[in-house]
Amino acid sequence: NAYAYQSVELCLIGRAITGLGAPRIINRRYVADATPFSLRTAASAAFAMATALGAALGPGMAIVLDRMNEFEFNLPFLKTQYFNGMTGPGYFMALSWFIYTLCIIFFFGEPTRSGLEELKKREEESGGLATDSKKASLLDEVELAAMSDDKSAGYATR
């Protein structure tokens, strides 16, 4: 680990790899596809709450792990590893992700994508794709929203 080698580069590489496993937009899209429209707001709020709870509990867990006694252990191919206040949270997260992965492998079943089915049904009922006037209206709304966002952010508009 980066602590054993006293390597900032190794620490940054590990952080980058961790970041690759966290595309929350995919999770949000899955929630949208797998929940009916009537439950989508509640499901999205529950997802946001779980994300915030994890972010809030992380520093607390780091404090708890920092109070544990420091010790060393040997792993094949990795040599001597250290468990202390700096490395404890990383080991805890590795264990948590391992347990999570096992739970997904053994207990997760692909749900019916009711949200996606409802969307397709709504499109069929409305006659498929939007007409040109609807598209133009939608583009106008998007442009107005972008302009108002630019103004609120302090950017100059055309």
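Calculation notes
- Residues numbered from 1 in each chain as written.
- Predicted model: local features only at pLDDT ≥ 70, side-chain atom pairs only at ≥ 80, totals over all residues.
- Heavy atoms only, no water.
- Phe/Tyr/Trp six-rings, centres within 6.5 Å; stacked < 30°, edge-to-face > 60°.
- Buried < 20%, exposed > 50% of the residue type's maximum accessible area, 1.4 Å probe, protein only.
- Helix = DSSP H or I, 4+ residues; strand = E, 2+ residues; numbered from the N terminus.
- Axes fitted to C-alpha atoms, helices over the stretch in contact; angles between N-to-C directions.
- Left-handed = near helix turned anticlockwise from the far one by under 90°.
- Contact = heavy atoms within 4.5 Å.
- Nonpolar A, V, L, I, M, F, W, Y, C, P; charged D, E, K, R; others polar.

**Re the packing of aromatic side chains**
All told, the structure shown has five aromatic pairs when counted by the stated rule. Aromatic side chains F71 and F73 sit 6.1 Å apart centroid to centroid with 45 degrees between the ring planes, which places their arrangement in the tilted category. Judged by its relative accessible area of 25%, F73 falls in the partly exposed class. Their ring planes at 15 degrees and their centres at 5.0 Å tell us that F71 and F83 sit as a pair that is stacked. Linking F71 in strand β1 (residues 71-75) with F83 in strand β2 (residues 79-83), this pair joins segments that are 12 residues apart in sequence. Feature note: the residues F71, F73, F83 and Y91 constitute an aromatic cluster, connected by ring pairs.

**A few points about the packing of helix α4 (residues 40-66) against helix α5 (residues 88-107)**
Two elements in contact, α4 and α5, have axes whose closest approach is 9 Å; the angle formed by their N-to-C orientations is 115 degrees. Regarding α4 and α5, the two cross each other, and that crossing is right-handed. Contacts between α4 and α5 pair M61, A62 and L65 from the former with G88, P89 and F92 from the latter. Here the residues of the contact of α4 with α5 are counted per class, giving five nonpolar, one polar and no charged.

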